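# Secondary and tertiary structure notes
One-letter residues, chain by chain:
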Amino acid sequence: SEAADAHVPWRIASADKEELAWQVSLMGELSAAILERQIEVVYQPKLDIAAGTISSLEALVRWRHPVRGYLRPDVFIPMAEENDRILGLTLCVLERVLCDLRQWMMEGRVVKAAVNISATLVASRAFADEVKSLLANSQVPTSQLIFEITESATISNPKEAVAALIEFRDMGIAISMDDYGTGQSTLTYLRDLPLSELKIDRSFVQHAHINPNDAVLVRSTVDLAHKLGLKVVAEGVEDEGCLDFLRTIGCDMAQGYLIAKPSPRAMALEINAKLAA
Ligand code: C2E
Ligand code: CA
Ligand code: CA
Ligand code: CA
């Protein structure tokens, strides 16, 4: 039990050690995983609420580890951010996404795709240069790309980050602020970043149709974003009542299990038939 553990510090220390060892070996395996194509991308659509169509797809990374199983990003992204592995991983995801977009184009389907970019990476010169060369070598128009900047980590070099984001915006990439409401310098970001989209975090959205406080926060965020000329995505939409509420308040897009779970490329453009009808 917890109370018992509190009196046995060595146990906690040994658990920490195990955790650390696990992390160190996992990070050691990441470069090989990229080369050996264990890194996969699944897609989750954003529904255009008024039109009832898919407006874009968010790319979410998965690691098909030969021994540890199918790993969700929460298990390895934070570590990769701390260990300077996030650059290689993000470029791997971006390459895969560009390849999938090209494939869809060849099938006659024009879609936009969003890639998650850690705040820690935004100000990196190496990242900006790699993005430029990847895009120059792909036949995908930059207007089909969205970068979702997650607010969870504070942006380390705000000036450099703003400059880099402006550079991406000028290349034609749309910039989206992810997990809005959970970060720290929210208003500064709204003022300074060249955003075109804002994603309201799932924790506010999930119960917005039944919790009056959440409803107020979501509604005011939508109004605020619209006044700033931004499109709004509500994430974590899990039931019809919630989607109805979002429609009522004029939220632009919805994403969540109600519409579709993240799925492999082949199924990514299918949404819940009820919504499409
Ligand atoms: P996120 O960007 O907020 O992505 C949404 C997460 O919520 C995804 O988890 C998705 O599967 C989950 N989700 C979607 N709809 C629902 C819903 O209706 N209900 C619930 N309960 N959950 C829902 P996932 O794929 O495990 O991703 C976790 C986080 O990992 C992402 O959060 C994102 O911050 C990060 N991440 C994912 N892929 C990448 C990547 O390629 N690069 C970076 N830097 N971060 C990534
Ligand atoms: Ca995201
Ligand atoms: Ca999010
Ligand atoms: Ca979130």
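Above this text is the structure in question.
Residues numbered from 1 in each chain as written. Chains lettered and ligands numbered in written order. Predicted model: local features only at pLDDT ≥ 70, side-chain atom pairs only at ≥ 80, totals over all residues. Heavy atoms only, no water.

### Focus: the coordination of the calcium ion (ligand 4)
The protein atoms donating to the calcium ion (ligand 4) are Asp179 (OD), Asp201 (OD) and Glu235 (OE), with metal-donor distances spanning 2.3 to 2.6 Å. The metal-metal distance between the calcium ion (ligand 4) and the calcium ion (ligand 3) is 3.3 Å, with Asp179 serving as a donor to both. Highlighted residues: Asp179 in strand β6 (residues 174–180) and Glu235 in the loop between β8 (231–234) and α11 (240–248), separated in sequence by 56 residues. (Donors = N, O, S within 2.8 Å, 3.2 Å for Na, K, Ca; no water. Helix = DSSP H or I, 4+ residues; strand = E, 2+ residues; numbered from the N terminus.)

### Here's the deal with unusual backbone geometry
With the exception of glycine, the majority of residues adopt a negative phi angle, and the majority of peptide bonds are in the trans configuration. Phi is positive for Arg37, close to 60°, though the residue is something other than glycine. Here Arg37 shows up in the loop between α2 (9–35) and β1 (39–48). Phi at Asp179 takes a positive value of approximately 50°, unusual for a residue other than glycine. The buried category is assigned to Asp179, whose relative accessible area is 18%. (Buried < 20%, exposed > 50% of the residue type's maximum accessible area, 1.4 Å probe, protein only.)

### Here's the deal with the environment of Ala234
Mapping Ala234 onto the fold places it in strand β8. Linking Ala234 and Asp179, residues 55 residues apart in sequence, is a C-alpha distance of 9.5 Å. Other than its neighbours up to four places away in sequence, Ala234 contacts Ile200, Val205, Leu246, Cys251, Met253, Ala254 and Gln255. (Contact = heavy atoms within 4.5 Å.)

### Digging into the site of ligand 1
Looking at ligand 1, there are 24 residues lining it, with Arg62, Arg72, Arg202, Glu238 and Tyr257 nearest. Take Gln44: an N or O atom from its side chain is 3.0 Å from a nitrogen atom of ligand 1. Here Glu238 contributes a side-chain N or O atom positioned 2.4 Å from a nitrogen atom of ligand 1. Relative to its unbound accessible surface of 800 Å², ligand 1 loses 89% to contact with the protein. In terms of residue count, strand β2 (residues 53–65) provides more of the shell around ligand 1 than any other element does, four residues in total. Split by residue class, the shell around ligand 1 holds nine nonpolar, six polar and nine charged. (Near = heavy atom within 4 Å. Polar contact = N/O pair within 3.5 Å; in protein donor to acceptor, adjacent residues only side chain to side chain. Areas by Shrake-Rupley, 256 points an atom, 1.4 Å probe, with all protein chains shown as cover. Nonpolar A, V, L, I, M, F, W, Y, C, P; charged D, E, K, R; others polar.)

### Details of the pattern of salt bridges
Once the charged atoms of two side chains with opposite charge are near each other, the side chains can pair. The full count for this structure, using the stated rule, is 14 salt bridges. For Lys46, the salt bridge is made with Glu197, and the minimal N-O distance between the two is 2.9 Å. Of the two residues, Lys46 is situated in strand β1 and Glu197 in strand β7 (residues 197–200); the sequence distance between them amounts to 151 residues. We note a salt bridge from Asp192 to Arg191, for which the minimum N-O separation is 3.0 Å. The exposure class assigned to Arg191 is exposed, which follows from its relative accessible area of 64%. Through salt bridges with shared partners, a single network forms among Lys46, Glu58, Glu148, Glu197 and Lys199. (Salt bridge = Lys/Arg side-chain N within 4 Å of Asp/Glu carboxyl O.)

### Some thoughts on the side chain of His65
Among the structural elements, His65 can be located in strand β2. Those residues in contact with His65 that sit more than four places away from it in its chain are Leu26, Glu29, Gln38 and Leu71.

### Section: the nonpolar core
Formed by 82 residues in total, the largest nonpolar core has its most connected members in Val97, Leu145, Phe147, Phe168, Val237 and Leu246. The greatest single-element share of this core, amounting to 10 residues, is contributed by helix α4 (residues 86–106). If sequence neighbours within four positions are ignored, Leu246 has contacts with Ile49, Val205, Val218, Ala234, Val237, Cys251 and Ala254. (Core = buried A, V, L, I, M, F, W, Y, C linked by side-chain atoms within 4.5 Å.)

### Some details on helix α10 (residues 212–227)
Across its 16 residues, α10 extends 22 Å between first and last C-alpha, which sits within 8% of the 22 Å expected from 1.5 Å per residue. Taken residue by residue, α10 has Asp214, Ala215, Val218, Thr221, Val222 and Ala225 as its buried positions. The buried residues of α10 occupy an angular sector of 135° when the element is viewed end-on, so they sit on one face. Opposite the buried face of α10, at more than 90 degrees from it, the exposed residues are Pro212, Asn213, Val216 and Lys227. (Expected span 1.5 Å × (residues − 1). Arc of directions from axis to C-beta.)

### With respect to α4
Residues that lie three or four places apart on an α-helix share one face, since the helix turns once every 3.6 residues. If you check α4, its first and last C-alpha atoms are 30 Å apart, about what 21 residues at 1.5 Å a residue would give, namely 30 Å. Once α4 ends, the next one or two residues include Gly108, with phi positive near 80°.

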